[in-house]
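Breakdown of the fold
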Amino acid sequence: MDVATPYTPEEFRSAVLRNDERGLLKKWSDHPFYTLFVREKSGGEIPALMDVGRQKAYASSTEQDEIAAFVDTATVPESDGELFVKAVPLAELARNAVVQGFAIFWVGPGKMIEGTTLHLLADTAVLHDQEGQEIAYRSDPLFFEASVDQPAPYKGAVQRWEKVTLGNNDSAGRTPTLYVYDDGFDWRGNPYLPELPESALPVSSLSASAQAFFRRWETPLLGTQEDAPPPEPPEQDKGTETLVPQEWLAGFGKVRELVDKYLVPPASELFLVVTLYEPTDDSDMDETFWEVDLNVPDRFGSLMPYGGMLVSASSFRANPGLPDEPGKHAVSGAFRERLVRQLSWRIFENGRRLGERFYLDNEQFERSFPFRPDNADLIFQPDYEDPRFPCLARFRCGNHDIPVLLQGQVRGNYACEPLQRINVPESEVPSMMPGRNQLFVDDVMELFDDAGGVLVPKELIDFPEPWYKGAWASSWQTTYELRRSAHVDRLVSAYSKAADKTGAGREILNYLVLAVSIVVTLVWMTAQF
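Residues numbered from 1 in each chain as written. Predicted model: local features only at pLDDT ≥ 70, side-chain atom pairs only at ≥ 80, totals over all residues. Heavy atoms only, no water.

1. Structural notes on the overall build of the protein
For the protein, the count of helices and strands is 13 helices and 27 strands. Counting across all 529 residues of the protein, residues that qualify as buried make up 48%. With an accessible surface of roughly 25600 Å², the protein has 50% of that area assigned to carbon and sulfur atoms. (Helix = DSSP H or I, 4+ residues; strand = E, 2+ residues; numbered from the N terminus. Buried < 20%, exposed > 50% of the residue type's maximum accessible area, 1.4 Å probe, protein only. Areas by Shrake-Rupley, 256 points an atom, 1.4 Å probe, with all protein chains shown as cover.)

Here it is in structure tokens:
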């Protein structure tokens, strides 16, 4: 640790103004900040929160005498405990502040440590590789949730690391995300734990400095209580007919509550806009097609990006739950619930397989509408009144366990939406598959998680208990990322259109909207969670 220059507010501010991120990390990360705490009557110790304008912040200082003097005049809202001072490394204080939505108030100069500087200190470090070379990584820890009687790994037991170039803090080229995991857990052998990417690295294989950076997350957040008991299945779902035992659905129910509240608008604000598709003069189409858009309120940004999809008019007219003519049509509560369950199962299952961030596009919702499975000649029609569908299940195909969403039944088969992109050799595809010969391209069955579907006999479908009761990557973390992305997209688009009209300031407007929208979303998430 560099101690050649004093730990003063002026030196810190100078490093920030110079964009000296390397200096901030190497000198300041481990430096103790004397922080105001409250010792509650129960004996618990929590950081004191001060109201600084509209922001809540920890009160801290590099000087113990300075913060001790501050105690004599400080008042802590909503607390009748005893105030005291405790030394906490700045990086640890920043980690807590970022996760819990606070800032750090530097007593004495009266300055706030917040924004990009706070995030830098919280999630980035200058490490040494096994050869002793310096390298900077930003860590994005995964939070986990548990269902019923299965404990979840601690927050940060798996982390996404990204190599960064200090000074502008941008990604170093196209560096792939590195997954690092605590190999004290039996990730490969315990079916109740999420599936790791094949390329994930055990933390024990890394250098000492990298291990120390990873192990920050073994320390519980300051002032946090023990984890809440696992969720019970939502009351409104009890008694509903399901393909999976109700007692296994606590985890899914928790995800569904978030999706229902934050990601899908009320049915009264959802509309299907159907327009007649007009083919080009040289088109050989002999059937009427429609373009379908799902309209959502502006406040939901681009969360429901289903639009411009080409569908056969006959497939919509054949379904009593869908429009039978062009126009703007309100959706039913049953149709909305289908979208909620579709998105909830996808988020839940994605949290069981680590390695890919969840995103939204047309394909996420395409199989909520009529579609033709790859091994069928007829269009599959979803029944929007059937509460059993969609539902997560396993397709046992040779040596492969393929996650699928069951969209409904077709005689003795399920209409399945694959959730994993996979190639299965013809020799491993069961002979009982209907329309088996239609599935192969160059002697391989190709399944895609973003297109098509497949009919699978019921005998090849089952419901493994760990898939529903095991731990999964946090759904509120995914919800936060989706909402932030959606608001950024919407605001940047709106300001870009405005800038196009004026012909000036487009880039400035885009960056301004990006910054503002992230702040707005952080405030929203802090308020909700």
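2. Quick word on the sheet that holds strand β23 (residues 440–441)
Sheet strands associate in pairs through backbone hydrogen bonding, adopting either a parallel or an antiparallel arrangement. Across the sheet, three strands lie side by side as β22-β24-β23; this open sheet has antiparallel pairing. The open sheet terminates on both sides in strands that have one partner only, identified here as β22 (422–425) and β23. Two elements, β23 and strand β24 (residues 444–447), share two bridges in a ladder whose sense is antiparallel. Its bridge partner lying in β24, Val441 is registered against Val444. (Pairing = 2+ DSSP bridges.)

3. Considering the confidence of the model for the protein
Looking at the protein, the pLDDT average stands at 84 and 82% of residues meet or exceed 70. Per-residue pLDDT stays below 50 along residues 169–174; that stretch engages in eleven contacts with residues further than four places along the chain or on separate chains. Within the model, pLDDT remains below 50 along residues 225–231, and this stretch shows seven contacts once partners closer than five positions in the same chain are excluded. (pLDDT = per-residue confidence, 0-100. Contact = heavy atoms within 4.5 Å.)

4. Things to note about the packing of helix α1 (residues 9–17) against helix α2 (residues 21–28)
The geometry of α1 relative to α2 is characterised by a closest axis approach of 8 Å and an angle of 145° between their N-to-C directions. Along the contact surface, α1 presents Glu11, Phe12, Ala15 and Val16, while α2 presents Leu24, Lys27 and Trp28. Split by residue class, the contact of α1 with α2 holds five nonpolar, no polar and two charged. (Axes fitted to C-alpha atoms, helices over the stretch in contact; angles between N-to-C directions. Nonpolar A, V, L, I, M, F, W, Y, C, P; charged D, E, K, R; others polar.)

5. Thoughts on the side chain of His329
Examined against the element boundaries, His329 turns out to sit in strand β18 (residues 327–330). Under the relative-accessibility criterion, His329 is labelled buried at 18%. Within the local environment of His329, its side chain forms a polar contact with the backbone oxygen of Glu325, the two atoms lying 2.7 Å apart. Aside from chain neighbours lying at most four places away, what touches His329 is Leu270, Phe271, Leu272, Val274 and Pro323. (Polar contact = N/O pair within 3.5 Å; in protein donor to acceptor, adjacent residues only side chain to side chain.)

6. Observations concerning the sheet that holds strand β17 (residues 309–312)
An order of β17-β16-β15-β18 is seen for the four strands of this open sheet, with the pairing classed as antiparallel. If you trace the sheet from one side to the other, it starts and ends with β17 and β18, each paired once. Each strand axis lies, on average, 30° off the axis of its neighbour in the sheet, ignoring direction. By the bridge criterion, four bridges tie strand β15 (residues 271–276) to β18 in an arrangement that is antiparallel. Within β18, the residue paired with Val274 across the bridge is Gly327.

7. Thoughts on helix α7 (residues 250–263)
The terminal C-alpha atoms of α7, which comprises 14 residues, lie 19 Å apart, in line with the 20 Å expected from a rise of 1.5 Å per residue. With ten of its 14 residues buried, α7 lies for the most part within the structure. (Expected span 1.5 Å × (residues − 1).)

8. Re the nonpolar core
Of all hydrophobic cores here, the largest spans 64 residues; its most connected members are Leu343, Trp345, Phe395, Met445 and Ile461. By residue number, the principal contributor to this core is helix α9 (residues 333–352), which donates eight residues. Apart from the residues within four sequence positions on either side, Phe395 is in contact with His400, Asp401, Ile402, Val404, Met433, Met445, Leu447, Val456, Leu460 and Ile461. One finds Tyr7, Leu25, Leu93 and Trp106 within the second-largest nonpolar core, a separate group that totals 28 residues. (Core = buried A, V, L, I, M, F, W, Y, C linked by side-chain atoms within 4.5 Å.)

9. What about the packing of α7 against α9?
Contact geometry for α7 and α9: axes closest at 9 Å, N-to-C directions at 125°. In this view, α7 runs oblique relative to α9, as classed from their interaxial angle. As for how α7 packs across α9, the hand of that crossing is right-handed. Here α7 contributes Gly251, Phe252, Val255, Arg256, Val259, Asp260 and Leu263 to the contact with α9, which in turn contributes Arg336, Glu337, Val340, Arg341, Leu343, Ser344, Trp345, Ile347 and Phe348. Across the contact of α7 with α9, the residue classes break down as nine nonpolar, two polar and five charged. (Parallel < 35°, antiparallel > 145°, perpendicular 65-115°, else oblique. Left-handed = near helix turned anticlockwise from the far one by under 90°.)

10. What about the pairing of strand β13 (residues 178–181)?
Here four bridges tie strand β11 (residues 158–165) to β13, and the two strands are oriented antiparallel to one another. Bridging from a neighbouring strand, Arg160 pairs with Tyr179 of β13. Inspection of the sheet shows β13 paired to strand β14 (residues 201–202) by two bridges, in the parallel sense. Its bridge partner being in β14, Tyr181 is matched across the sheet by Pro202.

11. Quick word on the pattern of salt bridges
Applying the stated rule across the entire model yields 29 salt bridges. One salt bridge in this structure joins Asp20 and Arg18, with 3.1 Å as the shortest N-O distance. Judged by relative accessible area, Arg18 falls into the exposed class, the value being 51%. A salt bridge links Arg138 to Glu162; the shortest N-O distance between them is 3.1 Å. Of the two residues, Arg138 sits in strand β9 (residues 134–141) while Glu162 sits in strand β11, which places them 24 residues apart along the sequence. Taking the relative accessible area as the measure of exposure, Glu162 reaches 23% and is therefore partly exposed. Salt bridges sharing partners connect three or more residues here, namely Arg39, Glu45, Glu82 and Lys86. (Salt bridge = Lys/Arg side-chain N within 4 Å of Asp/Glu carboxyl O.)

12. Some points on the packing of aromatic side chains
Taken as a whole, this structure holds 25 aromatic pairs when the rule is applied. On the basis of an interplanar angle of 75° and a centroid distance of 5.7 Å, the ring pair of Phe143 and Trp476 is categorised as edge-to-face. With Phe143 in the loop between β9 and β10 (144–145) and Trp476 in helix α12 (residues 475–502), this pair connects stretches of sequence that are 333 residues apart. By relative accessible area, which is 6% here, Phe143 ends up buried. Put simply, the rings of Trp248, Phe252, Trp345, Phe348, Tyr468 and Trp472 pair up and form one aromatic cluster. When the ring centre of Phe84 is taken as origin, the NZ or CZ atom of Arg39, which lies over that ring, is 4.1 Å away. Over the ring of Tyr414 we find Lys458; its NZ or CZ atom is 5.6 Å from the centre of that ring. (Phe/Tyr/Trp six-rings, centres within 6.5 Å; stacked < 30°, edge-to-face > 60°. Lys NZ or Arg CZ within 6 Å of the ring centre and 35° of its normal.)

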